Amino acid sequence: MTIAFSSHVPPWPQPLDPLHSIVLSATVATIPLIVVLVLMGGLRKSGLVASACGLGTAAILAAAVWRMPMALASWSVLYGFAYATWSILWLVLCALWLYNLTVLTGSFDNLRQWVQRHASSDACVQAILVAFCFGALLEGSAGFGSPIAVTAFLLVGLGLEARKAVVIALLANTAPVAFGAVGIPIVALAGVTGMDVLKLSAMVGRQLPFLSLILPMYLALVVAGPRGLRRSWPPALVTGVSFAGVQFLVSNFWGPYATDILSSLVSIVVLVVFLQVWKPGKEGRFAESHPSSAVPEDRLFSGPALSAWAPWAILALVMVAWSLFKVSALGQILMRIPMLHNGVFITLYQKPYTAIFSFQPLATGTGVLAATIIVAVWFRVRPRSFVEAGGRTLRQLRVPGLTVLFIVGLAYLYNYSGMAYTLGAAVARVGGVFPLVSSYLGWVACFLSGSDTAANLLFGNLQVAAAHQLHLNPLLLAATNSSGAVAGKMISPQNIAVGVTTVGLIGQEGKVLQSTFWHSVLFAGLLGLIALMQAYAIPQIVP
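Computed from a predicted model, the values in this text were never measured in an experiment.

**Digging into the overall build of the protein**
Summing up its helical and strand segments, the protein has 22 helices and six strands in all. The C-alpha radius of gyration computed for the protein amounts to 22 Å, which stays within 12% of the reference 24 Å derived for 543 residues, consistent with globular compactness. Overall, the protein is about 70 × 55 × 45 Å in size when its C-alpha atoms are taken along their principal axes. Across the 543 residues in the protein, those meeting the buried criterion constitute 62%. Contacts in the protein between residues at least 24 apart in sequence constitute 82% of all its contacts with a sequence separation of at least 6. Side-chain charges of the protein comprise 28 positive and 14 negative groups, with the mean position of each set lying 4 Å from the other.

**What to know about the sheet that holds strand 5 (residues 351–353)**
Strand order across the open sheet formed by three strands is 2-4-5, with mixed pairing between neighbours. The outermost strands of the open sheet, each flanked by one partner alone, are strand 2 (12–13) and strand 5. As judged from the two bridges shared by strand 2 and strand 4 (residues 344–346), these two strands associate in the parallel manner. Paired with tryptophan 12 across the bridge in strand 4 is valine 344.

**With respect to the nonpolar core**
Membership of the largest hydrophobic core comes to 189 residues, with the highest contact counts inside it found for Phe134, Trp312, Tyr416 and Phe434. The element contributing the most residues to this core is helix 4 (residues 70–105), with 20 residues. Other than its neighbours up to four places away in sequence, phenylalanine 434 contacts Val427, Ala428, Leu441, Gln463, Ala466, Leu470, Leu472 and Leu477.

**Some details on helix 12 (residues 259–277)**
Helical periodicity: at 3.6 residues per turn, an α-helix aligns residues three or four positions apart in one direction. Compared with the 27 Å implied by 1.5 Å per residue over 19 residues, the 28 Å span of helix 12 between its first and last C-alpha is a close match. Of the residues making up helix 12, those classed as buried are Thr259, Asp260, Ile261, Ser263, Ser264, Ser267, Ile268, Leu271, Val272 and Leu275.

**As for the packing of helix 11 (residues 208–253) against helix 22 (residues 509–536)**
Taken N-terminus to C-terminus, the directions of helix 11 and helix 22 make an angle of 155 degrees; their axes are 11 Å apart at the nearest point. Taken as axis vectors, helix 11 and helix 22 run roughly antiparallel relative to one another. The two elements helix 11 and helix 22 cross, and the hand of that crossing is right-handed. Residue-level inspection shows Leu208, Phe210, Leu211, Ile214, Leu215, Tyr218 and Val222 of helix 11 in contact with helix 22, the latter providing His519, Leu522, Phe523, Leu526, Leu527 and Ile530. Looking at the contact of helix 11 with helix 22 residue by residue, the class counts come to 12 nonpolar, one polar and no charged.

**What to know about a nonpolar patch on the surface**
A cluster of nonpolar side chains, contributed by Leu213, Ile214, Trp233, Leu237 and Val241, occupies part of the molecular surface with about 410 Å² of accessible area. For leucine 213, a relative accessible area of 32% corresponds to the partly exposed category.

**Points about the packing of aromatic side chains**
Tallying each qualifying case throughout the model produces 22 aromatic pairs. Aromatic side chains phenylalanine 274 and tryptophan 278 sit 5.9 Å apart centroid to centroid with 20 degrees between the ring planes, which places their arrangement in the stacked category. Aromatic rings pair up to connect Tyr79, Tyr83, Tyr353, Tyr412, Tyr416 and Tyr421 into one cluster.

**Some remarks on the pattern of salt bridges**
A full pass over the atoms with the stated rule returns three salt bridges. For the salt bridge of arginine 384 with glutamate 388, the shortest nitrogen-to-oxygen distance reads 3.3 Å. Of the two residues, arginine 384 and glutamate 388 both sit in helix 15 (residues 383–396), four residues apart, roughly one turn of that helix. The class for arginine 384 is exposed, based on a relative accessible area of 66%.

**A closer look at the packing of helix 6 (residues 123–141) against helix 12**
Following both chains from N to C, one finds helix 6 and helix 12 inclined at 155 degrees, their axes separated by 7 Å at the closest point. By the angle class used here, helix 6 and helix 12 are roughly antiparallel. With respect to the hand of their crossing, helix 6 and helix 12 are arranged in left-handed fashion. Taken together, the residues of helix 12 that come into contact with helix 6 (itself represented by Val125, Ile128, Leu129, Cys133, Phe134, Ala136, Leu137, Glu139, Gly140 and Ser141) are Asp260, Ile261, Ser264, Leu265, Ser267, Ile268, Leu271, Val272 and Leu275. Its residues placed into classes, the contact of helix 6 with helix 12 shows 13 nonpolar, four polar and two charged.

**Thoughts on the side chain of serine 520**
Along the chain, serine 520 falls in helix 22. Among the polar contacts listed, one links the side chain of serine 520 to the side chain of tryptophan 443, at a separation of 2.5 Å. Ignoring any residue separated from it by four or fewer positions in sequence, one finds serine 520 in contact with Trp443, Ala487, Gly488, Met490 and Ile491.

**What to know about helix 10 (residues 197–204)**
Taking burial as the measure, the eight residues of helix 10 include six buried ones, the bulk of the element. If you check the start of helix 10, you find a side-chain oxygen 3.0 Å away from the backbone N of leucine 198, and it comes from aspartate 196.

**Concerning the confidence of the model for the protein**
The predicted model of the protein averages 85 in pLDDT, with 92% of residues at 70 or higher. Predicted confidence is poor over residues 283–297, with pLDDT under 50, and the contacts of this stretch with residues over four places away or in other chains come to 30 contacts.

**Focus on unusual backbone geometry**
With a phi close to 55 degrees, arginine 67 is a non-glycine residue in the positive phi region. What makes arginine 67 exposed here is its relative accessible area of 62%.

**As for the environment of glutamine 534**
Take glutamine 534: it is sitting in helix 22. For the pair glutamine 534 and valine 368, spaced 166 residues apart in sequence, the C-alpha to C-alpha distance is 38 Å. Contact partners of glutamine 534, with chain neighbours within four places excluded, come to Met203, Arg206, Gln207, Leu476, Pro539, Ile541 and Val542. Engagement of the side chain of glutamine 534 in a polar contact is seen with the side chain of glutamine 207, the distance being 3.0 Å.

**Looking at the state of the cysteines**
Summed over all chains, the structure comprises zero disulfides. Distance from the sulfur of cysteine 124, which forms no disulfide, to the nearest cysteine sulfur (cysteine 133) is 14 Å.

Rules of the game
Residues numbered from 1 in each chain as written. Predicted model: local features only at pLDDT ≥ 70, side-chain atom pairs only at ≥ 80, totals over all residues. Heavy atoms only, no water. Helix = DSSP H or I, 4+ residues; strand = E, 2+ residues; numbered from the N terminus. Rg over C-alpha atoms; globule rule 2.2 N^0.38 Å. Buried < 20%, exposed > 50% of the residue type's maximum accessible area, 1.4 Å probe, protein only. Contact = heavy atoms within 4.5 Å. Lys, Arg positive; Asp, Glu negative; His and termini not counted. Charge placed at Lys NZ, Arg CZ, Asp CG, Glu CD. Pairing = 2+ DSSP bridges. Core = buried A, V, L, I, M, F, W, Y, C linked by side-chain atoms within 4.5 Å. Expected span 1.5 Å × (residues − 1). Axes fitted to C-alpha atoms, helices over the stretch in contact; angles between N-to-C directions. Parallel < 35°, antiparallel > 145°, perpendicular 65-115°, else oblique. Left-handed = near helix turned anticlockwise from the far one by under 90°. Nonpolar A, V, L, I, M, F, W, Y, C, P; charged D, E, K, R; others polar. Patch = residues over 30% accessible without salt bridge, like charges linked within 9 Å, V, L, I, M, F, W, Y side chains within 5 Å. Areas by Shrake-Rupley, 256 points an atom, 1.4 Å probe, with all protein chains shown as cover. Salt bridge = Lys/Arg side-chain N within 4 Å of Asp/Glu carboxyl O. Phe/Tyr/Trp six-rings, centres within 6.5 Å; stacked < 30°, edge-to-face > 60°. Polar contact = N/O pair within 3.5 Å; in protein donor to acceptor, adjacent residues only side chain to side chain. pLDDT = per-residue confidence, 0-100. Disulfide = S-S within 2.5 Å.

Here it is in structure tokens:
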């Protein structure tokens, strides 16, 4: 069903160079991004304050510099709010509801104890198993912030300091992101660029495994420094090799849909089996908070183990079924945004800009809700307790929810006003090193939107346009946008907001951003260098 609103106003053309100097125009276009980064990372303001100021700055610049009509600016922000509410917040709400339910039933504590026993209570190994392996399973099943929320709290339960737990969860939530939520980012990239989804999946699958290979060892280094890496490199290497290998094979020979789920499941099994024959020393244990001697030994697959893993197995199964049977598309309503739909003309591409909100009653978030209900029935949760868990989740999301609304509203205004295209057109002028810069474009887009999917929608086509101008392979640059975006997720205000909420650190988003920023820059640079090599040294690697 499509709902249309008629409009006879001629489209407003986006000025690509409003200040008649592409360098100056692009510099001004970066001001909203700088405002958010400085307020959060430099002045340590909350994500809510930073995102609200960033949105306000973008609105002023859109009107004063890009001369965007106020009505179009308002509708673009409201469009962003609608997308944020249904595509992101609804999913995060249901994922956190599921998490709160596992806490209520004791399942989450069983999971904590299971991880503690079978990871030998070593801090580095627990971070790898929980944040990287289990987080990737959540990313592949639901995505959109749920892995950060769940794994951060689980790490705190295991004894890790709260802020470090959020940082580790954010760092780990990188390599799986491009194939998250049952492959949605790659599907969205194919849709916006018109490229083959399997080729895009294969190209991303020839970039991210390099990061996946080293990420477990990197996490060990962040958790406990060089000493931690020295004592835990064997399980870190085993995990990285198993995850990266499956990620490459599935993305190249099957597609993006089950890449994360299969990679994470294989890495969990391989790591747990490896830990049965290899034991780290006692030096890295969280002995103070949860001494392992207080926890009785049990088999890998006992009753408590079933209780621990059942909710997440149910979630994974429901999400896979939701994708295979295309449940999300059932009953969807397409609503053309008044005035905004075809009311903006993209000067860079010489075509009108569509603005169609797809309201899907059975969206991914609804699938997570279905899984939550099944879990409630499985554990025989009383209806009143089920509703109370939902109410607690709503209260948890009040402030982070506003942060998400403002930052996504900023992303949509940034796009429809033309600021994003001004920045992209300027960056395209760097010439032959553009594959390196391409990664940072995806990084910026994910920082703005908090989602690899949204980053691909934001800059995917721009990468293709730049590739044609520079005579580079458009498939490579489109894929690099998605790969580079994974590094931007750890500094996105909305993802940081979700993380700090679950561990009780609301208001400390700026400190978390300071802790993740340079890691993010390093990861984006690494992926950019990989793209640069693939463009010139080994171009035959491109499908």
